[in-house]
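Structural characterization, general
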There are 6 protein chains.
Amino acid sequence: MALVPLVEYGDAPPAVRAVYDDIKATRNVDWINNFWKALAHDPATLARVWAESKQVMAQGALDARTKEMIYIAVSVTNDCEYCIHSHTAAARTKGMTPQMFHELMAVVALANANNRLANGYRVDVDERFRSPLAP
Amino acid sequence: MALVPLVEYGDAPPAVRAVYDDIKATRNVDWINNFWKALAHDPATLARVWAESKQVMAQGALDARTKEMIYIAVSVTNDCEYCIHSHTAAARTKGMTPQMFHELMAVVALANANNRLANGYRVDVDERFRSPLAP
Amino acid sequence: MALVPLVEYGDAPPAVRAVYDDIKATRNVDWINNFWKALAHDPATLARVWAESKQVMAQGALDARTKEMIYIAVSVTNDCEYCIHSHTAAARTKGMTPQMFHELMAVVALANANNRLANGYRVDVDERFRSPLAP
Amino acid sequence: MALVPLVEYGDAPPAVRAVYDDIKATRNVDWINNFWKALAHDPATLARVWAESKQVMAQGALDARTKEMIYIAVSVTNDCEYCIHSHTAAARTKGMTPQMFHELMAVVALANANNRLANGYRVDVDERFRSPLAP
Amino acid sequence: MALVPLVEYGDAPPAVRAVYDDIKATRNVDWINNFWKALAHDPATLARVWAESKQVMAQGALDARTKEMIYIAVSVTNDCEYCIHSHTAAARTKGMTPQMFHELMAVVALANANNRLANGYRVDVDERFRSPLAP
Amino acid sequence: MALVPLVEYGDAPPAVRAVYDDIKATRNVDWINNFWKALAHDPATLARVWAESKQVMAQGALDARTKEMIYIAVSVTNDCEYCIHSHTAAARTKGMTPQMFHELMAVVALANANNRLANGYRVDVDERFRSPLAP
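Calculation rules
- Residues numbered from 1 in each chain as written.
- Chains lettered and ligands numbered in written order.
- Predicted model: local features only at pLDDT ≥ 70, side-chain atom pairs only at ≥ 80, totals over all residues.
- Heavy atoms only, no water.
- Contact = heavy atoms within 4.5 Å.
- Buried area = accessible area lost by both parts, 1.4 Å probe.
- Salt bridge = Lys/Arg side-chain N within 4 Å of Asp/Glu carboxyl O.
- Polar contact = N/O pair within 3.5 Å; in protein donor to acceptor, adjacent residues only side chain to side chain.
- Helix = DSSP H or I, 4+ residues; strand = E, 2+ residues; numbered from the N terminus.
- pLDDT = per-residue confidence, 0-100.
- Buried < 20%, exposed > 50% of the residue type's maximum accessible area, 1.4 Å probe, protein only.
- Nonpolar A, V, L, I, M, F, W, Y, C, P; charged D, E, K, R; others polar.

1. A closer look at the interface of chain B and chain A
Counting residues at the interface gives 71 residues for chain B and 71 residues for chain A. For the pair chain B and chain A, the two sides together bury roughly 6,600 Å², of which 70% comes from carbon and sulfur. For the chain B face of the interface with chain A, the top three residues by lost area are Tyr121(B), Phe129(B) and Leu133(B), together amounting to 10%. On inspection of chain B and its partner chain A, the count reaches two salt bridges. For Glu103(A), the salt bridge is made with Lys67(B), and the minimal N-O distance between the two is 3.4 Å. Put simply, chain B and chain A have 28 residue pairs in polar contact (both at pLDDT 80 or more) between them. For the side of chain B that touches chain A, the secondary structure elements donating two or more residues are helix 2 (34-39), helix 3 (43-57), helix 4 (64-78), helix 5 (81-93) and helix 6 (98-120) of chain B. Of the residues forming the side of chain B that touches chain A, the biggest block, 19 residues, is contributed by helix 6 of chain B.

This is the structure:
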């Protein structure tokens, strides 16, 4: 029960079509999924969110499949039904096997449980764990 | 400001020492971090949580470093300070570089943003995304 | 798939009818939405939640439309489908335009992303930001 | 207890200085707050997050003060200490009075409570609330 | 690092003193905890939140200790440090033993884990579980 | 719209059947609910989650009905539709009355509201509330 009707390619203004075309080209697909068709009511948001997603989800120091699984972990924790479905599909096309998905779910469940134990007991951070990224 | 004092090895009953010893052996370290010392007030929980963590975080279809990064993604989304520090340290020992961490944060931020856009606009799941794990 | 059947006006005890009447009078409408019909199984909760909602959402230092948009921001962050629909409808009757809604969603998405970046990097609060409401 | 040291202007590479300069110019301030100094370890993220924040938080159909209050509502719901402090300070410079802040908190508390009541009772969305943004 | 200074009894206006007096009388204590002293900047919110808390947390079909433990379960899930400390202290005065607290934490952790598994796998609700509260 | 098909008893491998049999025997029921049939795709997770659930939810210092209500409080706060339905049904079989459920919801709503007030005002923990579980 979407709050807005979807903006189809044929009805879209040029700025929206340009984004749709780039989505298709970048992903090598011939269709646009509903997320973008809903955002298209606000072309500035559509362009910004797509540019950001394209940059952040691209292969980098982390491979694209790992990024999809991190995205799923967040989406499950936040319970975003749309994102769970769309990014599980994306991860599948990038080689995530069912066994990888099961292990992903097991880690997500474990982290959610242990987050609460650490916060509930108000455990102080060990001195040795401080500043792990400091040069 | 922990709710409970920490249970040190010297003061621990045998059931707790057995878990502490297994933590040290499994991780090849010579100390126990505060999380386990807080849980040790309830030996049944300590044993269960450690057994589960050991099994879930082990190398499998997903490598141990990827699992640590998924764990961090959840901990950042839930804002568990203890878990962010301890698992960032763990991921570092398993080879996560600062650049990998930055990309991890960027994906976590993007997913949290887009989860809200998808939920806020109440976007319906595309038919093509259904049941992506079905055989 | 509600957990309880809805309590319709004709079947409601006097204490519930009194709240229903006040909702209609306050909002100048001739119907009662499902939220109140579900709460009506517990007349004490119904009366308390309505009294609180009436007081908090009324025009004050903040106008009623701004309050509705703040309510939507929280509901999107928590993913409350019912509240997103009902308060978007309420905000619309108070003059929220589609463009305002799009900007509201963009701020909600940005804040959710940046909340995670600030928490993930464990950024310390700047000295200059402390106690901004102190007299 | 930040995970990374802060990148000061004097130590920053040109790409980071350019963002710092734009932050100062846009906000008409002579200092950089810690959030940006932490992100600066990843210049691509710094530039992207700043560009997005600048665009989204600017005056539009919603005024800048209302946007700051929406941002605070999300940050309180997610419990981001840094963001609560920094955006309450920002909202104060844009004219938010203490009374406005109190009303903002009251709406945030009410929405968080009622979100749980609606979800807990699994209340079905009223037919009349559907598609409130449809043209 | 509170956003507001605390309102002490000696500096409080009569409307605030009346609430402080009722808190002391209801709880049979001779001091006021910080939560109320912060809310006191907005006397209307102070009075409303206290009235609601007094009513909801009182002995009813559920005993007061069970209510405190439910309150803790929510506060741990949301990571409210203040509320975890204050309501654990309250539950202690109402007879919660350390063992009860450990079991409470174990259930909270389990529920947080299983919530994510159910949402992550998108498990459909069994027909037999529908409308469990229907008369 | 589950991500995986359900594993029925007749199609299940022996390791899964053993868990199904133990669920039936422990709960004295003759059917398996969907949660377990979805997890059964990963027999290791199925066995681990069931063993943990069985241990944690059993009668202890807290009675089983109280544990179910704590579980519901978490599930409502996280908005897990499946868990709300299944554990409300379970609590009903253990004697939770509709009035108890209404009071449970009222406490959950109150805690969610007050958690945000305490975090929003950044209220410092009172010295007297520290370490309430210390011996």
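Here the narrative resumes, following the displayed structure.
2. Regarding the side chain of Thr66(F)
Examined against the element boundaries, Thr66(F) turns out to sit in helix 4 (residues 64-78). Of the polar contacts made by the side chain of Thr66(F), one reaches the side chain of Asp63(F); its length is 2.8 Å. Among all residues touching Thr66(F), those that are not within four sequence positions of it are Thr66(E) and Met69(E).

3. Observations concerning the confidence of the model for chain A
When pLDDT is averaged along chain A, the result is 96; 99% of the residues meet or exceed 70. Scoring the predicted complex yields pTM 0.97 and, for the interface, ipTM 0.97.

4. What to know about the side chain of His87(C)
Note on placement: His87(C) falls in helix 5 (residues 81-93). Using a relative accessible area of 13% as the deciding quantity, one classes His87(C) as buried.

5. Some thoughts on the interface of chain E and chain D
With eight residues of chain E at the contact, the number on the chain D side is ten residues. Interface area, chain E with chain D, both sides summed: about 700 Å², of which 60% is carbon and sulfur. Counting every contact that joins chain E to chain D gives zero residue pairs in polar contact (both at pLDDT 80 or more). Looking at the side of chain E that touches chain D residue by residue, the classes come out as two nonpolar, three polar and three charged.

6. As for the pattern of salt bridges
Counted by the stated rule, this structure contains 48 salt bridges over all chains. In this structure, Glu8(B) and Lys37(B) form a salt bridge, with 3.0 Å as the shortest nitrogen-oxygen distance. A residue pair is termed long-range when its members are at least 10 positions apart, and Glu8(B) in the segment before helix 1 (14-27) and Lys37(B) in helix 2 qualify at 29 residues. Since its relative accessible area comes to 36%, Glu8(B) is described here as partly exposed. Measuring nitrogen to oxygen at the nearest pair gives 2.9 Å for the salt bridge that ties Arg122(C) to Asp79(B). Taken together, the positions of Arg122(C) in the segment after helix 6 (98-120) and Asp79(B) in the loop between helix 4 and helix 5 put the pair across two chains.

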